[in-house]
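# Architecture and fold: a report
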Amino acid sequence: MKALLGLALLSAAVLSAAQDIAPKAQLKLDKATAVAGSVIKGKVLLTFAESLHGYQNPPSESYQIPTKIEAAKGTTLLKALYPKGQPFLMAGDEKPSMVYQGKVEIPVEIRVPAKPGKHSIKLVVNYQQCDDNSCFAPGMLDIATALTVTAAPAPKKKK
């Protein structure tokens, strides 16, 4: 009986630990320097832990919470190009849902700040992780990277 109770407690601890493993996220810009007011491309690199996944954006079903990239204060996100997920059949579902598993690359376009100097470009990754049987509380990750902004060239004078 004690062995069975111990096994149940160990299983509960493992499941609890799995939900606490947040995905890893990183923002990589195509360039380290950009002209003020221009548009720069980059990508959000998102990695879900083994046996965990997040729903694709847009989600397969209306009740699913999709992975979503948003701008943090001071950053203007123009576009996030969400890739197609992989089919995954959750326990109890009749049809597979489209999910992100393992490493996911989400291309982004960001408006470069208007003021020259060193800036921190900040985004927020919203997600809800699930395992084979259940989904955990939604979470969010703050990610940032440095960008050097140069002044826009002066307009040419007409003769």
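Everything below is about the structure printed above this text.
A few points on the structure.

What counts and what doesn't
Residues numbered from 1 in each chain as written. Predicted model: local features only at pLDDT ≥ 70, side-chain atom pairs only at ≥ 80, totals over all residues. Heavy atoms only, no water. Pairing = 2+ DSSP bridges. Helix = DSSP H or I, 4+ residues; strand = E, 2+ residues; numbered from the N terminus. Buried < 20%, exposed > 50% of the residue type's maximum accessible area, 1.4 Å probe, protein only. Polar contact = N/O pair within 3.5 Å; in protein donor to acceptor, adjacent residues only side chain to side chain. Salt bridge = Lys/Arg side-chain N within 4 Å of Asp/Glu carboxyl O.

### Looking at the pairing of strand E12 (residues 139-150)
Pairing of strand E2 (residues 33-35) with E12, which is carried by three bridges, proceeds in the parallel orientation. Bridging from a neighbouring strand, Val35 pairs with Thr150 of E12. As judged from the eleven bridges shared by strand E10 (residues 117-127) and E12, these two strands associate in the antiparallel manner. Bridge pairing in E12 links Ile121 to Thr145.

### Concerning the sheet that holds strand E8 (residues 97-101)
In space, the four strands of this open sheet follow the order E7-E8-E4-E11, with antiparallel pairing throughout. Edge strands, defined here as strands with exactly one partner in the open sheet, are strand E7 (86-88) and strand E11 (129-130). Here three bridges tie E7 to E8, and the two strands are oriented antiparallel to one another. For Pro87, the partnering residue across the bridge sits in E8 and is Met98.

### A few points about the side chain of Gln129
Among the structural elements, Gln129 can be located in strand E11. Among the residues examined, Gln129 registers a relative accessible area of 3% and is labelled buried. Of note is the side chain of Gln129, whose polar atom sits 2.7 Å from the backbone oxygen of Ile21.

### Focus on unusual backbone geometry
The omega torsion across Asn57 and Pro58 is 0°, close enough to zero to call that bond cis. The phi dihedral of Ser51 falls on the positive side, at around 75°, and the residue is not glycine. Following the sequence through the fold, Ser51 ends up in the loop between strand E3 (39-47) and strand E4 (53-55). Note on Ser51: relative accessible area 52%, which makes it exposed.

### Some remarks on the pattern of salt bridges
Tallied over the entire structure, the rule returns two salt bridges. Across the pair Glu61 and Lys95 runs a salt bridge whose closest N-O atoms are separated by 3.1 Å. Taken together, the positions of Glu61 in the loop between E4 and strand E5 (68-71) and Lys95 in the loop between E7 and E8 put the pair 34 residues apart, joining distant regions of the chain. Between Lys68 and Glu70 there is a salt bridge, with its nearest N and O atoms 3.6 Å apart.

### A word on the environment of Ser134
Relative to the helices and strands, Ser134 resides in the loop between E11 and E12. Separated by 42 residues in sequence, Ser134 and Gly92 have C-alpha atoms that sit 9.8 Å apart.

These figures capture arrangement, not role.
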